[in-house]
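Close look at the chain arrangement
Below are the chains, spelled out letter by letter.
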Amino acid sequence: MTAGSTASTAPLFAIAQSERIRVFANVPQSVSVDIGEGSEAQVTASEYPNRAFNGKVARTSRSIDPRARTLKVEVDLSNDDLALIPGMYLQVAFHLKPTSFVQVPASALIFR
């Protein structure tokens, strides 16, 4: 690549620290009050169907996105064997405190 070239400028290399991964997740507003710093989370990847990675919520945006009605949450987890790589799509399950009430789907109710 030469100076002044009109060719696309792709980076020659990228630097990433992958021993500790930060995962971003959007949490629905309905459970946002139950998630805070230190909450436990379990992260899974379709590439590793029989493996789960445990992490903790490092921080939240402390603000609900008005369009999506979600809370942005950052989960930090250990990745010592470098199995997860930056940019992967992951599933995050949060360990929420049990509530004292039972939620019943509206489709299960019969009105007379």
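Scroll up for the structure.
Description of the structure in this document.

So, how was this worked out
Residues numbered from 1 in each chain as written. Predicted model: local features only at pLDDT ≥ 70, side-chain atom pairs only at ≥ 80, totals over all residues. Heavy atoms only, no water. Helix = DSSP H or I, 4+ residues; strand = E, 2+ residues; numbered from the N terminus. Rg over C-alpha atoms; globule rule 2.2 N^0.38 Å. Buried < 20%, exposed > 50% of the residue type's maximum accessible area, 1.4 Å probe, protein only. Pairing = 2+ DSSP bridges. Axes fitted to C-alpha atoms, helices over the stretch in contact; angles between N-to-C directions. Contact = heavy atoms within 4.5 Å. Core = buried A, V, L, I, M, F, W, Y, C linked by side-chain atoms within 4.5 Å.

1. Re the overall build of the protein
Looking only at helices and strands, the protein has 1 helix and 5 strands in total. In the protein, the succession of helices and strands from N to C terminus is β-α-β-β-β-β. Its C-alpha atoms give the protein a radius of gyration of 20 Å, more than 25% over the compact-globule value 13 Å for 112 residues. Viewed in the frame of its principal axes, the protein has a C-alpha envelope of about 75 × 35 × 25 Å. Classification of the 112 residues of the protein by burial places 22% in the buried group.

2. A look at the sheet that holds strand 1 (residues 20-28)
Here we have 5 strands laid out as an open sheet, ordered 1-4-3-2-5, and antiparallel in their pairing. Since the sheet does not close on itself, it has two edges, and those belong to strand 1 and strand 5 (91-94), each with one partner. On average, each strand axis in the sheet is tilted by 35° relative to the strand beside it, whichever way the strands run. Alignment of strand 2 (residues 40-45) against strand 3 (residues 48-65), held across 5 bridges, turns out to be antiparallel. Bridge assignment links Ala41 to a residue of strand 3, and that residue is Gly55.

3. Some remarks on unusual backbone geometry
Positive phi, normally seen in glycine, also occurs at Arg69, with a value near 55°. By the secondary structure assignment, Arg69 is in the loop between strand 3 and strand 4 (70-78). Residue Arg69 is classed as partly exposed on the basis of its relative accessible area of 41%. Of note, Leu82 is a non-glycine position whose phi angle comes to about 60°, a positive value. Locating Leu82 in the fold gives a position in the loop between strand 4 and strand 5. Judged by its relative accessible area of 43%, Leu82 falls in the partly exposed class.

4. Points about the side chain of Ser18
Along the chain, the position of Ser18 falls in the segment before strand 1. Take Ser18: its relative accessible area is 14%, and that puts it in the buried class. Those residues in contact with Ser18 that lie beyond four places of it in its chain are Asn79, Leu82 and Pro86.

5. What about the nonpolar core?
By size, the foremost hydrophobic cluster in this structure holds 15 residues, and its most contacted members are Phe53, Val73, Val75, Leu77 and Leu84. Elements represented by at least two residues in this core include exactly strand 1, strand 2, strand 3 and strand 4. Once residues within four sequence positions are removed from consideration, Val73 is found in contact with Val23, Phe24, Ala25, Val27, Ile35, Val57, Arg59, Thr60 and Phe94.

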